[in-house]
Amino acid sequence: MAYDLVIKNGTVVDGSGLPRYRADVGVRHGRIAAIGRIRERAREVLDADGRVVAPGFVDAHTHMDAQVFWDPMGTCSSWHGVTSVVMGNCGFTLAPCAAKDKDLVMRNLERAEDISPEAMNAGIEWTWTTFPEYLDTLDRLPKGINYGGYIGHSALRTYVMGERAFEAAASDDDLALMERELRDAIRAGALGFTTSRSPSHETMDRRPVASRVATWNEVRRLVGAMGEMGAGIFEIAGEAVGRTADDREGLREYHGRLRDLAVASGVPITWGLFSRREAPGIWRAYLDLLDETAAAGGRMFAQVHSRALAVVLSFRTNLPFDRLPVWKDLRALPLAEQQQRLRDPELRRRLVEAARERDQRRAIGAEPRATGYEWIFVMDTPEGPHRSIAEIARERTADPVETMIDLALERDLDRFFLQPIANEDQDHALELMRHPRTVVTFSDSGAHVSQIMDASLQTHLLSHWVRQKQAFTLEQAVRMLTLVPATLWGFADRGLVREGMAADLVVFDPDRVAPEMPDVVYDLPAGARRLVQKARGYAATVVNGEVVLRDGTPTGALPGRLLRGPLAARS
């Protein structure tokens, strides 16, 4: 038998959690055809001696709905071994929506997910109205990796209700139309339905995004429609309850609604879970909810992260002071001029004084928080340890803001700072990852593009928690990134190195794999900026049997596919 591709001499970590073994992997027609000692010829041979051969990683929480139109490789996720992504989380999708109404969809996305309307207008040819038409458009796009997507509640609401979606409850007629569109989407291959009830999701004019206006009865009815169809996952950006001791009853009530919805509908429910300094211990109540729901007969799992979620601050991107008047004038200048003016003692005095003020607009999502200098760190290496601004300021007997300015000027304003906003305690992050009803996946790739850089979570798990801390074996970590998410999201032919499975594979050096420092680039349509972060140690990434990346560099192959849900596969 001749093969299209043979990966020779590698150590296979197959995704099951079973011990590694040495073998060749033969690929034919996009699928794994043989595992063992392969002597037959192949059109292409990869030498994996000294490297691990694993299933491609699954990144199940992204917002690449717009990015897929101009970036078929799905960066930054693909630089970190990811071969399949799920987009459309938190209720934010581009469909259903007619081209004439696209401003309604963009209004939901612009502030809540930091996705530029200018980039979307320049980069997307809007050729659909319904969600099935949107999926058909995605199917035709060139893709370097695999993409699957949910239908989002905010888009569904604005499609049916127009401007009323941002201010009114749905009528019975509205609900009937939404339900019909949702059923059509699931039949066409949507992986499920998503919503947001989080106060972190606002429009630019500080109004709730459309899904937040919905009643719980509206949510229950739409999820129930999926239950009647026997298909689809429900993902929710949840309500901000239980943050204080006075609101524990609100937390119990909300958890009861989630549990009852999972049990009554039979639909798997998922949401992101992090520990937070300002709400200590709440995350444990959410872990209890997972077990309580399972005991009641429902399916529920939480999405967790492998490290702290942090806003990446810099003069090249965002700072906590940017909206304060003196700072706003400075930050409007070209970077070189900012650098020059920051050396003016009088301006520095005014900047330091102004930074003690508080911006009246509440920070949401991944926007920079009001400054607490014990919790802003200098990022000189990707993984740390990182020193706080407060500590350095004390050493220099200087004001913390002046210290930040000086540190930035030392690198010609090309220095990053980190401001953790969740998972500040890494012991808590580890406990979250170890829970049997959690899955490690929450990169948010495609969103917050100038604010955070979490696409490296898979690489961080391998470099930090496996190699440095030895908290997991390599076999355990690979299973967490492959078989677990592939199973939960229904990708039955991915997530394992087995004969007959889709040939999504990643070849990496476990002794070298690590994230690189982030960078700021202006490669989005209309010249919009974003943070990017590459990785070292990945020798090759294979998607559907074709090598798409070698040492992090695209080969030009675009074998990616649209991953449709189970009802589409039956039609």
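1. Digging into the packing of helix H8 (residues 282-296) against helix H14 (residues 426-434)
Across the interface, H8 lies against H14 with an axial gap of 12 Å and an inter-helix angle of 5°. Accordingly, the angle class assigned to the pair H8 and H14 is roughly parallel. Here Trp283, Arg284 and Leu287 of H8 lie close against H14, whose contacting residues are His428, Glu431 and Leu432. Considering only residue class, the contact of H8 with H14 consists of three nonpolar, one polar and two charged.

2. Section: the sheet that holds strand S14 (residues 309-313)
On the basis of which strands lie adjacent, the open sheet formed by three strands has the order S14-S16-S15 and antiparallel pairing. For this open sheet the edge positions go to S14 and strand S15 (377-379), each flanked by a neighbour on one side alone. Geometrically, the sheet is characterised by an average inter-axis angle of 40° between neighbouring strands, direction not taken into account. Here S14 pairs with strand S16 (residues 416-422) via five bridges, running antiparallel. Looking across to S16, one finds that Leu309 is bridged to Ala422.

3. Some words on the confidence of the model for the protein chain
Caution applies to low-pLDDT regions: their predicted coordinates should not be interpreted in detail. In the predicted model, the protein chain carries a mean pLDDT of 95, and the fraction of residues at 70 or more is 96%. The least confident element of the protein chain is helix H18 (residues 566-570), whose mean pLDDT is 80; the most confident is strand S5 (residues 52-55), at 99.

4. Description of the nonpolar core
In this structure, Leu94, Phe234, Trp271 and Phe508 are the most contacted members of the largest nonpolar core, which totals 122 residues. Broken down by element, this core gets its largest block of residues, seven residues, from helix H6 (residues 216-229). Not counting residues up to four positions away in its chain, the partners in contact with Leu94 are Asp65, Ala66, Phe69, Val105, Leu109, Met120, Ile124, Trp126, Trp128 and Tyr134. If you look at the next biggest cluster of nonpolar residues, it comprises 34 residues, including Leu309, Phe321, Leu351 and Leu409.

5. Looking at the packing of aromatic side chains
Within this structure, the stated rule accounts for 14 aromatic pairs. Note on Phe69 and Tyr134: the rings are 6.4 Å apart at their centroids and 40° apart in plane angle, and the pair reads as tilted. Highlighted residues: Phe69 in the loop between strand S6 (57-59) and strand S7 (82-87) and Tyr134 in helix H3 (residues 131-140), separated in sequence by 65 residues. Judged by its relative accessible area of 1%, Tyr134 falls in the buried class. Ring centres of Trp375 and Phe377 lie 6.1 Å apart, and the angle between their planes is 85°; on these two criteria the pair is classed as edge-to-face.

6. A few points about empty space enclosed by the protein
Summed over the entire model, instances satisfying the criterion amount to five cavities of 30 Å³ or more. In this structure, the largest cavity occupies an estimated 110 Å³ of space. For the largest cavity, the lining is made up of 16 residues, of which Ser445, Gly446, Ala447, Met453 and Leu531 are closest to its centre. A class-by-class count of the residues in the lining of the largest cavity yields seven nonpolar, six polar and three charged. Considering only enclosed or pocket space, the second largest cavity measures out at about 80 Å³ in volume. Around the second largest cavity sit Ala66, Gln67, Trp70, Asp114, Ile115, Ser116, Ala119, Gly446, Val449 and Leu524, which together line it. In terms of residue class, the lining of the second largest cavity is made up of six nonpolar, three polar and one charged.

7. A closer look at the pairing of strand S20 (residues 530-536)
Judged by how many residues are buried, S20 sits mostly within the fold: five of seven residues are covered. The pairing of strand S19 (residues 514-521) with S20 spans six bridges and is classified as antiparallel. In the sheet register, Ala514 faces S20, and the bridge partner there is Arg536.

8. Thoughts on the environment of Gly50
Tracing the backbone through its elements, the reader meets Gly50 in the loop between strand S4 (42-47) and S5. Gly50 has contacts with Asn9, Asp509 and Pro510, leaving out every residue within four places of it along the chain.

9. Comments concerning helix H12 (residues 389-396)
Of all the positions in H12, only Ile389, Ala390, Ile392 and Ala393 are classed as buried. One side of H12 holds all its buried residues, which, seen down the axis, span an arc of 165°. Opposite the buried face of H12, by more than 90 degrees, sit the exposed residues Arg394 and Glu395. In this structure, the buried side of H12 is in contact with S15, helix H13 (400-410) and S16. Just past H12, the residue Thr397 takes up positive phi, approximately 45°.

10. Structural notes on the pattern of salt bridges
Opposite charge on two side chains lets them pair, provided their charged atoms get close. For the structure on display, the rule yields 50 salt bridges. The salt bridge partner of Arg498 is Asp14, with a shortest N-O separation of 2.6 Å. In this pair, Arg498 sits in the loop between helix H17 (483-488) and strand S18 (505-508) while Asp14 sits in the loop between strand S1 (3-12) and strand S2 (21-28), placing the two residues 484 residues apart along the sequence. One salt bridge connects Arg307 with Asp454, and the closest N-O pair in it is separated by 3.1 Å. Of the two residues, Arg307 sits in the loop between strand S13 (300-304) and S14 while Asp454 sits in the loop between strand S17 (438-440) and helix H15 (457-468), which places them 147 residues apart along the sequence.

11. With respect to the environment of Ala528
The residue Ala528 is located in the loop between S19 and S20 in this model. Separated by 412 residues in sequence, Ala528 and Ser116 place their C-alpha atoms 7.4 Å apart.

12. Comments concerning the pairing of S13
The element S13 is extensively covered by neighbouring structure, given that five of its five residues are classed as buried. Where burial is concerned, the two faces of S13 agree: the one with Met300, Ala302 and Val304 and the one with Phe301 and Gln303 are both buried. Summarising the sheet, strand S12 (residues 269-272) and S13 pair through four bridges and their orientation is parallel. Within the sheet, the bridge partner assigned to Gly272 lies in S13 and is Gln303. In this fold, S12 hands off to H8, which returns the chain to S13; that crossover is right-handed. The pairing of S13 with S17 spans three bridges and is parallel. Along S17, the bridge assignment pairs Gln303 with Val439.

13. Quick notes on the sheet that holds strand S11 (residues 233-237)
What the six strands build is an open sheet, ordered S9-S10-S11-S12-S13-S17; its pairing is parallel. Because the sheet does not close on itself, it has two edges, and the strands there are strand S9 (151-152) and S17.

14. Comments concerning the environment of Phe417
Examined against the element boundaries, Phe417 turns out to sit in strand S16. The spacing of Phe417 and Val378 is 39 residues in sequence and 4.6 Å in space, taken between C-alpha atoms.

Rules of the game
For every chain, the first residue of its written sequence is number 1, and the numbers climb from 1 along that sequence. Side-chain atom pairs in this predicted model are given and counted only at pLDDT of 80 or more, local residue features only at pLDDT of at least 70, and totals for whole chains, interfaces and linings cover all residues. The side-chain figures draw on all heavy atoms in the structure; neither hydrogens nor water molecules are used. Here an axis means a line fitted to C-alpha atoms, over the contact stretch when the element is a helix, while the angle between two N-to-C directions is reported on a 0 to 180 degree scale. Helix and strand definitions here come from DSSP, where helices need a minimum of 4 consecutive H or I residues and strands a minimum of 2 consecutive E residues; each element is numbered from the N-terminal end. Here the word oblique covers every angle except those under 35 degrees (roughly parallel), over 145 (roughly antiparallel) and from 65 to 115 (roughly perpendicular). A contact between two residues is defined here by any heavy atoms of the two lying within 4.5 Å. By the convention adopted, Pro, Cys, Tyr, Trp, Phe, Met, Ile, Leu, Val and Ala count as nonpolar, Lys, Arg, Asp and Glu as charged, and the other residues, Gly among them, as polar. Strand pairing requires that DSSP identify at least two bridges connecting the strands. The quantity known as pLDDT measures the predictor's confidence residue by residue, on a range of 0 to 100. We call a set of buried Ala, Val, Leu, Ile, Met, Phe, Trp, Tyr and Cys residues a nonpolar core when their side-chain atoms join them within 4.5 Å. Relative accessibility under 20% of the residue-type maximum defines a buried residue, over 50% an exposed one, and the middle range a partly exposed one, all with a 1.4 Å probe and only protein chains included. In this analysis, rings of Phe, Tyr and Trp, with Trp reduced to its six-membered ring, are considered paired at centre separations within 6.5 Å, and the interplanar angle assigns stacked below 30 degrees, edge-to-face beyond 60, and tilted for intermediate values. For cavity detection a 1 Å grid was placed over the protein atoms alone, and a set of points counts as a cavity when a 1.4 Å probe fits there but cannot get out; an open set counts as a pocket when protein lies on both sides within 12 Å along at least five of seven lines, with lining residues being those that have an atom within 4 Å of a point. Grid points are joined across faces, edges and corners, and a volume is the space filled by probe spheres set on the points. Directions are taken from the helix axis to each C-beta atom, and the arc is the one they span. For salt bridges, the criterion is a side-chain nitrogen of Lys or Arg within 4 Å of an Asp or Glu carboxyl oxygen. When the strands point away from the viewer, a crossover counts as right-handed if the path from the first strand over the helix to the second runs clockwise.

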